[in-house]
Amino acid sequence: TARCSSNIAVIKYWGKRDEKLILPINSSLSVTMDPDQMGTTTTAACSEAWKGDRLWLNGKEEDSSATRIQNCLTAIRAMAGGKAPKGGLRIVSNNNFPTAAGLASSASGYACLVLALGELFGIPRDQLSAISRQGSGSACRSVYGGFVKWEMGVEKDGSDSKAHQVAKADHWPDLHALILVVSDEKKKVSSSGGMKISVETSELLAHRAKAVVPPRVHAMEAAVKKRDFEGFAKITMQESNSFHATCLDTYPPIFYLNDTSKAIINTVHELNKEAGETVAAYTFDAGPNAVIYTLTKHLTHVTRSLSLAFPPAKKGDWKSHITDDALRGDVVAKGKMEGEDRDFAGKVKYIMHSIVGKD
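Notes on the structure follow.

**Some details on the nonpolar core**
Right, on to step 1. Among the nonpolar cores identified, the biggest contains 61 residues, and Phe 232, Ile 264, Ile 292 and Tyr 293 are the most heavily contacted of them.
Right, on to step 2. The greatest single-element share of this core, amounting to 6 residues, is contributed by strand E12 (residues 175-181).
Right, on to step 3. Setting aside its immediate chain neighbours within four residues, Phe 232 contacts Val 10, Val 31, Trp 172, Leu 175, Met 220, Ala 223, Val 224 and Tyr 293.
Right, on to step 4. Core analysis: the next-biggest nonpolar cluster, separate from the first, contains 44 residues, Leu 115, Cys 140, Val 143 and Phe 243 among them.

Now the structure itself:
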């Protein structure tokens, strides 16, 4: 059994130069979430009494013959060689957060699948990143905790396209993430399908990969190592905006953000302006849900401000709206929750809280 977390990219991966091997057109960098809040648990077993491989996700049997799943299984068995256990596999996987809603569930899912199989087949973790990439590109980053960089690589066979840890989770314990769930439904345009169209039609994407992302990757690594939140926040927001600009430049355009997403962006900028410093930074993956990074000293204030700006559908229902009991207690303890913006009531379904996740 293995546990893995979702990872939220601060330097985005969008576009493949090789669809089969899942090789990216640019390097990327992410923050691994806490598995207690945004994680996957996968159990794998093997028996000669079982015929074929079977897989269950969140209690529902899935097609284990799907190409990406088979890519991972084949690669694991090949790496294990003669040591691979005989017989069919039975794999049971569960997410504790929305699936296929733009919160990187495929990353934690495939990473956890490969880690569970790695344990079963006796393959060390440092050899599993490249295999998990064959299931979902960003899964190679979820193999590790903390802050993780996925090197795009240059080799045609993808042997150098893998992830490594930039810093461990305890390097920056003051960093927090608030996840504003705008929609927990499956998105209409998958990440894989969306990026394929972007590669084929967006000139902006090609420019972004060549000229914009490389210096940002270096700047983000430096910001993480220095624990420079001002620098980290600015690049994170610029990257999110750049990614969604390429989606708009795609033909036909892809709209992952909705009106609530845009309102969250405006609210974060207003919060920073009012504070006279950067207290929060937004990022959006391929979906309308926001991830807001902040620091311990600003966590209660930022959570309270966002909760009032995007309150629950039922007035005063803070218990279901802020899922972290301790954080909700701190928010409510600051005073009566007044000034709700009822125009956006219920537009954010709930708010989760995560620290940086460990290996």
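**Examining the packing of helix H6 (residues 203-226) against helix H7 (residues 229-249)**
The geometry of a pair of packed helices is captured by two quantities: the angle between their axes and the separation between those axes.
Right, on to step 1. For the pair H6 and H7, the least separation of the axes is 10 Å and the interaxial angle reads 165 degrees. When the axes of H6 and H7 are compared, the pair comes out roughly antiparallel. For the element pair H6 and H7, the recorded crossing hand is left-handed. Taken together, the residues of H7 that come into contact with H6 (itself represented by Glu 203, Leu 204, Leu 205, Arg 208, Val 213, Arg 216, Ala 219, Met 220, Ala 223 and Val 224) are Gly 231, Phe 232, Ile 235, Thr 236, Gln 238, Glu 239, Ser 242, Phe 243, Ala 245, Thr 246 and Asp 249.
Right, on to step 2. Considering only residue class, the contact of H6 with H7 consists of 11 nonpolar, 5 polar and 5 charged.

**A few points about helix H11 (residues 325-333)**
Right, on to step 1. Every buried residue of H11 is listed here: Leu 327, Arg 328 and Val 331. The buried residues of H11 occupy an angular sector of 100 degrees when the element is viewed end-on, so they sit on one face. When the buried face of H11 is taken as reference, the exposed residues oriented beyond 90 degrees from it are Asp 325, Ala 326 and Ala 333.
Right, on to step 2. Lining the buried residues of H11 we find E12, helix H9 (296-309), helix H10 (318-321) and strand E15 (350-355).
Right, on to step 3. With a side-chain oxygen positioned 3.0 Å from the backbone nitrogen of Ala 326, the residue opening H11 is Asp 324.
Right, on to step 4. The positive-phi residue at the C-terminal boundary of H11 is Gly 335, with phi of around 135 degrees.

**Overview of unusual backbone geometry**
Right, on to step 1. Looking along the chain, the bond that leaves Tyr 251 and enters Pro 252 is cis, with omega of -5 degrees.
Right, on to step 2. Notably, Ile 22 is not glycine yet its phi reads approximately 55 degrees, a positive angle.
Right, on to step 3. Inspection of the secondary structure puts Ile 22 in the loop between strand E3 (16-18) and strand E4 (23-24).
Right, on to step 4. Its relative accessible area of 1% is what places Ile 22 among the buried residues.
Right, on to step 5. The backbone phi angle of Asn 58 is positive, close to 50 degrees, even though this residue is not glycine.
Right, on to step 6. Within the secondary structure layout, Asn 58 lies in the loop between strand E7 (54-57) and strand E8 (60-62).

**Digging into the packing of aromatic side chains**
Right, on to step 1. On inspection of all chains with the given rule, the structure shows 9 aromatic pairs.
Right, on to step 2. Seen from their ring centres, Phe 232 and Tyr 293 are 5.3 Å apart, and the 80 degrees between their planes marks the pair as edge-to-face. In this pair, Phe 232 sits in helix H7 while Tyr 293 sits in strand E14 (residues 290-295), placing the two residues 61 residues apart along the sequence. Accessibility classification places Phe 232 together with Tyr 293 in one group, the buried group.
Right, on to step 3. For the pair Phe 310 and Phe 344, a centre-to-centre distance of 5.3 Å together with 65 degrees between the ring planes defines the contact as edge-to-face.

**Considerations on the sheet that holds strand E5 (residues 28-32)**
Right, on to step 1. Sheet architecture is open: 4 strands sit in the order E2-E5-E10-E11, paired in antiparallel fashion. Two strands in the sheet have a free side with no partner beyond their single neighbour: strand E2 (7-11) and strand E11 (163-167). Taken over all neighbouring pairs, the strand axes of this sheet differ in orientation by 35 degrees on average, direction set aside.
Right, on to step 2. Pairing analysis gives 4 bridges linking strand E10 (residues 147-150) to E11, with the strands arranged antiparallel. Residue Lys 149 lies in a different strand from E11, and its bridge partner there is His 164.
Right, on to step 3. Of the strands in this sheet, E2, E5, E10 and E11 touch H6, which is tilted by about 115 degrees from E2.
Right, on to step 4. Running at roughly 95 degrees to E2, H7 makes contact with E2 and E5 of the sheet.

**Thoughts on the sheet that holds strand E1 (residues 2-5)**
Right, on to step 1. Strand order in the open sheet formed by 5 strands is E1-E6-E9-E7-E8, and the pairing between neighbours is mixed. Because the sheet does not close on itself, it has two edges, and the strands there are E1 and E8. Going across the sheet, the axis of each strand differs from the next one's by a mean of 25 degrees, ignoring polarity.
Right, on to step 2. Sheet analysis places E7 next to E8, joined by 3 bridges and oriented antiparallel. Residue pairing in the sheet places Leu 57 in a bridge with Lys 60 of E8.

Thresholds, definitions, all that
Residues numbered from 1 in each chain as written. Predicted model: local features only at pLDDT ≥ 70, side-chain atom pairs only at ≥ 80, totals over all residues. Heavy atoms only, no water. Core = buried A, V, L, I, M, F, W, Y, C linked by side-chain atoms within 4.5 Å. Buried < 20%, exposed > 50% of the residue type's maximum accessible area, 1.4 Å probe, protein only. Helix = DSSP H or I, 4+ residues; strand = E, 2+ residues; numbered from the N terminus. Contact = heavy atoms within 4.5 Å. Axes fitted to C-alpha atoms, helices over the stretch in contact; angles between N-to-C directions. Parallel < 35°, antiparallel > 145°, perpendicular 65-115°, else oblique. Left-handed = near helix turned anticlockwise from the far one by under 90°. Nonpolar A, V, L, I, M, F, W, Y, C, P; charged D, E, K, R; others polar. Arc of directions from axis to C-beta. Polar contact = N/O pair within 3.5 Å; in protein donor to acceptor, adjacent residues only side chain to side chain. Phe/Tyr/Trp six-rings, centres within 6.5 Å; stacked < 30°, edge-to-face > 60°. Pairing = 2+ DSSP bridges.

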